[in-house]
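Structural overview
Each chain, letter by letter, is given below.
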Amino acid sequence: MQPDVSFVLPVYNKAAALPFFFASLLAQTGGISFEVVFVDDASSDNSLEILDDFAARHDFVRVIRNDVNAGPSIRLNQGAAAAKGKYLALFDCDEILAPDAVATLLALALEHDADMVHGRGRKTTDPIESVKAAPIGGDFSVTVHDDPLARVLGRGMVRMTWLVARDLFIKAGGCDEAVFIQDESLPLRLAAHARRIVDADMIVTMIPDMGSHLSANKLQQNHDRFLVYLNFLQAHPHLSRDVRMKLYRKSVSAVKKARRDGASIPAVPVLARY
């Protein structure tokens, strides 16, 4: 039987956080059927041992092992290809989920006939072992967008707090595998093929400072951001002028920030066109 939701979770050296994240996953309410697909990216700590223990104790957990570190974009695509759920729940597994996070995201997807739903995360300085995420309840606002690409080109859509239809993920080709970190590429590529996106102002994860978020590397972040927009422009030559101009501006901004931080990004035709 197809589960409602597949958690698809790339893992690299997150042994210190995994037990706490997984406990918050097991505590999810709402009676949703789900599976969990962990994709280990050749961790050098004991993450894989912890994941294998999860799988030994829970038949809904699968672990995909890899011998080479390839980065979260490739591993997320690998996990999505193996997933069976109607929807994919995409989170960072060094955070703590609200107990009704997935039930609330799924309810919004069904209520609004949306194939993308996005929540929020809240940072905390508390150690992960003492972090508790409050239930979401019903005290939040929702905006529904029938132009997903326009919304994603706005602000605040890069955190991994997504529920997306698996069919949409496959149709969009998932993450851009030429870009190491998926934060920017995934929502952009999904939005190009989505029918409707729900943007919910609700806290679905608490984010302790575990020192393991790749997006904290600003130089890498801006380098990747430039490649995301460059690749997207080249793959979608028939976008409207307004959309192209937004993408050009984002490309130029990323180049300026990357060069400011010491990256060497050469001039390329996309900048000349801009």
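Scroll up for the structure.
Because the structure is a prediction, the values reported are computed rather than measured.

1. Focus on the nonpolar core
- Ranked by internal contacts, the top residues of the largest apolar core, which has 78 residues, are Phe-38, Leu-90 and Phe-91.
- Top element by residues in this core is helix 4 (residues 101–111). It accounts for seven residues.

2. Let's talk about the packing of aromatic side chains
- Taken as a whole and assessed by the stated rule, the structure comprises six aromatic pairs.
- Seen from their ring centres, Phe-7 and Phe-34 are 5.5 Å apart, and the 80° between their planes marks the pair as edge-to-face. Residue Phe-7 is located in strand 1 (residues 5–11), and its partner Phe-34 is located in strand 2 (residues 34–40); the two are separated by 27 residues in the primary sequence.
- On the basis of relative accessibility, which here comes to 1%, the residue Phe-7 falls in the buried class.
- Geometrically, the ring pair formed by Phe-34 and Phe-60 is edge-to-face, given 5.3 Å between the ring centres and 70° between the ring planes. Remark: Phe-60 occurs in the loop between helix 2 (47–57) and strand 3 (61–64) and Phe-34 occurs in strand 2; sequence separation between them is 26 residues.
- Taking relative accessible area as the criterion, Phe-34 reaches 23% and is therefore assigned partly exposed.
- Every member of this aromatic cluster is reached through a ring pair, and the members are Phe-7, Phe-34, Phe-60 and Phe-91.

3. Some details on the side chain of Arg-225
- Assignment of secondary structure puts Arg-225 in helix 8 (residues 218–235).
- Looking at Arg-225, the relative accessible area reads 17%, which means it is buried.
- Polar contacts involving the side chain of Arg-225 include one to the side chain of Glu-184, which spans 2.9 Å.

4. Observations regarding the packing of helix 1 (residues 18–26) against helix 2
- Contact geometry for helix 1 and helix 2: axes closest at 11 Å, N-to-C directions at 25°. Compared by their axis directions, helix 1 and helix 2 come out roughly parallel. Our pair here, helix 1 against helix 2, has a crossing hand that is right-handed. Facing Leu-18, Pro-19 and Phe-22 of helix 1, the residues of helix 2 in contact are Ser-47, Ile-50, Leu-51 and Phe-54.
- Each residue belonging to the contact of helix 1 with helix 2 can be placed in one class, and the counts come to six nonpolar, one polar and no charged.

5. Some words on helix 2
- What helix 2 keeps buried is the set Ser-47, Leu-48, Ile-50, Leu-51 and Phe-54. Projected onto a plane normal to the axis of helix 2, the buried residues spread over an arc of 160° and lie on a single side. Relative to its buried face, helix 2 has exposed residues pointing more than 90 degrees away, namely Glu-49, Ala-56 and Arg-57.

6. Quick word on the pairing of strand 6 (residues 116–124)
- With three bridges joining them, strand 6 and strand 8 (residues 161–165) adopt antiparallel strand pairing. Directly across from Val-117, in strand 8, lies its bridge partner Leu-163.
- Direction of pairing for strand 6 relative to strand 9 (residues 197–208): parallel, over a ladder of eight bridges. Following the sheet pairing, Lys-123 is matched in strand 9 by Ile-207.

7. Quick notes on the environment of Ile-203
- Position of Ile-203 relative to the elements: it lies in strand 9.
- Residue Ile-203 is classed as partly exposed on the basis of its relative accessible area, which comes to 24%.
- Separated by 179 residues in the primary sequence, Ile-203 and Ser-24 place their C-alpha atoms 14 Å from one another.
- Leaving out residues up to four positions away in the same chain, Ile-203 has contacts with Ala-98, Arg-120, Gly-121, Arg-122 and Ile-136.

Rules behind the numbers
- Residues numbered from 1 in each chain as written.
- Predicted model: local features only at pLDDT ≥ 70, side-chain atom pairs only at ≥ 80, totals over all residues.
- Heavy atoms only, no water.
- Core = buried A, V, L, I, M, F, W, Y, C linked by side-chain atoms within 4.5 Å.
- Buried < 20%, exposed > 50% of the residue type's maximum accessible area, 1.4 Å probe, protein only.
- Helix = DSSP H or I, 4+ residues; strand = E, 2+ residues; numbered from the N terminus.
- Phe/Tyr/Trp six-rings, centres within 6.5 Å; stacked < 30°, edge-to-face > 60°.
- Polar contact = N/O pair within 3.5 Å; in protein donor to acceptor, adjacent residues only side chain to side chain.
- Axes fitted to C-alpha atoms, helices over the stretch in contact; angles between N-to-C directions.
- Parallel < 35°, antiparallel > 145°, perpendicular 65-115°, else oblique.
- Left-handed = near helix turned anticlockwise from the far one by under 90°.
- Contact = heavy atoms within 4.5 Å.
- Nonpolar A, V, L, I, M, F, W, Y, C, P; charged D, E, K, R; others polar.
- Arc of directions from axis to C-beta.
- Pairing = 2+ DSSP bridges.

That's the geometry; what it means functionally is another story.
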